[in-house]
Amino acid sequence: MAVGSSSSVEWQLTMVTGKALGGSTKINGLIYHRSVPGEYNAWQDAGRKNWSWQHVEPFFKKSEDSLSHGTSPSRGIEGPWQNQSVKEHFASVRTNVKIATEFGVPLLTEANDPGAPVVACTPLDATIDRENHRCSTDAAFLPRSLVSRRRNLNICTGTICTSLDIKDGNPLEVNGVFIEVESDVTQRYHVTATREVILCAGAVATPQILLFSGIGPERPLKEIGVKVFKDLPGVGARFQDHISVPIMFKALLDNSIEVLMGKPLTAVGQFLKYILNGKGILGQQVQQADVVLRSALLDDNTQLYSMEPGELDASKPSNIPDIEVMFLSVNATDQQFDGIAKSFGGFTYLCTVLRPQSYGSVQLTSSDPRQQPLWDIGTLTNEADRVPLQKAMKLALMLASNV
Ligand SMILES: Cc1cc2nc3c(=O)[nH]c(=O)nc-3n(C[C@H](O)[C@H](O)[C@H](O)COP(=O)(O)OP(=O)(O)OC[C@H]3O[C@@H](n4cnc5c(N)ncnc54)[C@H](O)[C@@H]3O)c2cc1C
């Protein structure tokens, strides 16, 4: 999907979303992280009743099967969504974890411990199941055994939802949805709802379907010939994503994922290792550990201010971390470098702004539902995001200078 940016720099990126049962959990980075309790407490404080950590924690527990931290009172072991903390880490990841802790960042063994300090260096949990396969949401919540048992469940693959069927012009009520066979525009169907319609097509397609349904900003919709049922300028206007800037260093080929490309015999060995016991490079997630922080705790020289216990309390909305540096033993930039995957491999610090203030948008370019929308990610359009990004990058460079 092509996207632009409303910042002063004109550029386009190719973005991906998962187009399958399980959506983007079929292609994502596997990280299983529930965030800190303060995040949910902030929602409750903002008026979202029953969304505090106390309210959501039982649902997290109910939905998961934590293979590595099942004895923790805050983790579940009876749910369908399996996750685990893969123990085998690349040496470069272990080195960076050591440096971060020497720098004063507490080392945690469990990233999803709600009582842990908010400033932490942690090995990451991943949605990898007992057989060391990706545990996508369809594998967890829609297994074949359940689908074949449920008589009232129909899954229509190869179709797209084009719009909601608005009832009598009242956008607060729908009769159902219109769907089309993706490969054949002439096969159009109406699905009637007897109770309710839940629209959950991801961060881009959800507003796109609302806009096609005539719920959105009146003028631009009229301009492309969409009949407007509700003038709602906010639809598609508050797109947010966390920006990550990769900083890549050379690493020993044997100490990076690139060894699979550079040494065919090693690749065969790793393949057999994975097939026989689920272990090795192919059984690990790419982002293996991270450092999370509140950027306000870093001074201009990338030193940590001394922290009071209250500043580390994960239940407080004021303590939610705003930067993350992830450790990846691979070249995670979109550039190729001479000699990479031949004589050397890559190690990347992925410097991430966790709480961006910038907004982008999703807009229709035509009334044809098969046309991709104009997706403006709005990266760094709010200057407030630049300071945390710079601090995350400086932190990465500081860690690198100590390797
Ligand atoms: C490259 C990448 C890496 C990521 N890494 C991580 C990670 O490590 N950890 C993490 O927690 N999150 C990660 N994420 C984010 C995470 O995967 C998403 O937040 C999550 O999948 C969103 O779920 P969703 O159901 O809202 O949307 P999606 O997963 O995008 O699912 C939307 C579904 O709707 C379908 N759909 C779209 N349009 C239509 C239509 N018109 N009609 C019918 N169906 C439609 C799509 O085919 C898809 O199945 C990553 C995302 C990406 C893209």
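Residues numbered from 1 in each chain as written. Predicted model: local features only at pLDDT ≥ 70, side-chain atom pairs only at ≥ 80, totals over all residues.

**A closer look at the overall build of the protein chain**
Short version of the rule: Secondary structure elements follow DSSP: runs of H or I of four or more residues count as helices, runs of E of two or more count as strands, with numbering from the N terminus. Based on C-alpha atoms, the radius of gyration is set beside the globule rule, defined as 2.2 Å times the residue count to the power 0.38. Whether a residue is buried, exposed or partly exposed follows from its count of other C-beta atoms within 10 Å of its own C-beta, namely 20 or more, 12 or fewer, or something in between, respectively; the C-beta atoms are built from the backbone.
Secondary structure assignment for the protein chain yields ten helices and 17 strands. The C-alpha radius of gyration of the protein chain comes to 23 Å, within 12% of the 22 Å expected for a compact globule of 403 residues. With the principal axes as the frame, the protein chain shows a C-alpha extent of 65 × 50 × 50 Å. Evaluated residue by residue, the protein chain yields a buried proportion of 32% over its 403 residues.

**A word on the domain arrangement of the protein chain**
The criterion, for reference: Note that the domain bounds reflect an automated or database-derived domain assignment. Throughout, a pair of residues is in contact if the C-beta atoms placed from their backbones lie within 7 Å. Gly is put with the polar residues, along with every residue not named as nonpolar or charged; the nonpolar set is Ala, Val, Leu, Ile, Met, Phe, Trp, Tyr, Cys and Pro, and the charged set is Asp, Glu, Lys and Arg.
On domain assignment, one finds that the protein chain holds domain 1 (2–24 + 87–135 + 240–401) and domain 2 (156–231). Each of domain 1 and domain 2 has a C-alpha centre, and these two points are 35 Å apart. Contact with domain 1, which involves twelve residues of that partner, is made by 13 residues of domain 2. Looking at the side of domain 1 that touches domain 2 residue by residue, the classes come out as six nonpolar, six polar and no charged.

**Remarks on the nonpolar core**
What counts, and what does not: Residues enter a nonpolar core if they are buried, belong to Ala, Val, Leu, Ile, Met, Phe, Trp, Tyr or Cys, and are joined to the set through C-beta atoms within 7 Å.
The biggest cluster of nonpolar side chains holds 54 residues, and the ones touching the most others in it are Val325 and Ala392. Looking at this core, the elements with two or more residues in it are helix 3 (91–102), strand 5 (120–123), helix 4 (137–141), helix 8 (259–262), strand 13 (287–293), strand 14 (323–328), strand 15 (345–353) and helix 10 (386–401). Setting aside anything within four residues of it in sequence, one finds Ala392 in contact with Ile323, Val325, Cys351, Thr352 and Val353. Membership of the second largest hydrophobic core comes to eight residues, among which are Leu210, Leu211, Phe212 and Ile215.

**A few points about the UniProt feature "domain: Glucose-methanol-choline oxidoreductase N-terminal" (unreviewed entry) in the protein chain**
To keep things clear, this is the line we draw: UniProt positions are given in the numbering used here, feature names are shortened, and annotations may be inferred rather than shown by experiment.
When the UniProt feature table is mapped onto this chain numbering, "domain: Glucose-methanol-choline oxidoreductase N-terminal" (unreviewed entry) sits at residues 202–216. Helix makes up 73% of residues 202–216 and strand 13%, whereas the separation of the span's terminal C-alpha atoms amounts to 17 Å.

**Here's the deal with unusual backbone geometry**
The backbone of Asn132 shows a phi angle near 65°, a positive value even though the residue is not glycine. Positionally, Asn132 belongs in the loop between strand 6 (125–126) and helix 4. Under the C-beta neighbour-count criterion, Asn132 is labelled partly exposed, with 17 such atoms within 10 Å. A positive phi angle, close to 60°, is found at Leu380, a residue other than glycine. With respect to the helices, strands and loops of the structure, Leu380 is situated in the loop between strand 17 (374–376) and helix 10.

**Thoughts on the site of the ligand**
As a reminder, the rule being used: As used in this record, a residue near a molecule or strand is one whose C-beta atom, placed from the backbone, is within 6 Å of it.
In the vicinity of the ligand there are 20 residues, among which Gly23, Asn28, Gly29, Gly202 and Ala205 approach most closely. Only strand 7 (159–167) and helix 6 (202–212) provide two or more residues apiece to the shell around the ligand. Across the shell around the ligand, the residue classes break down as eleven nonpolar, eight polar and one charged.

**Here we look at the sheet that holds strand 8 (residues 170–181)**
Note the cut-off: Between any two strands, pairing holds if DSSP finds at least two bridges. The axes used here are C-alpha line fits, helices contributing only the stretch in contact, and every angle between their N-to-C directions lies in the interval 0 to 180 degrees.
Pairing is antiparallel across the open sheet formed by three strands, whose spatial order is 7-8-9. Only two strands of the sheet have a single partner each, and these edge strands are strand 7 and strand 9 (184–192). On average, each strand axis in the sheet is inclined to that of its neighbour by 35°, with strand direction left out of account. Both strand 8 and strand 9 contribute to a ladder of six bridges, which runs antiparallel. Among the inter-strand pairings, Val181 is bridged to a residue of strand 9, identified as Asp184.

**With respect to helix 6**
Looking only at helix 6, the buried set comprises Ala205, Pro207, Gln208, Leu210, Leu211 and Phe212. Residues of helix 6 that are buried in the fold lie against strand 7, strand 10 (215–216), helix 7 (218–223) and strand 16 (361–363). Phi turns positive, to about 85°, at Gly214, one or two residues after helix 6.

**Re the pairing of strand 7**
Across a regular strand the side chains alternate sides, sitting on one face of the sheet and then on the other. Taken together, the eight bridges between strand 7 and strand 8 define a ladder with antiparallel strand orientation. Bridged to Ser163 within strand 8 is Phe178. Turn length for the strand 7-strand 8 hairpin, with the two strands adjacent in sequence and antiparallel, is two residues, and the turn residue Asp168 shows positive phi of about 45°.

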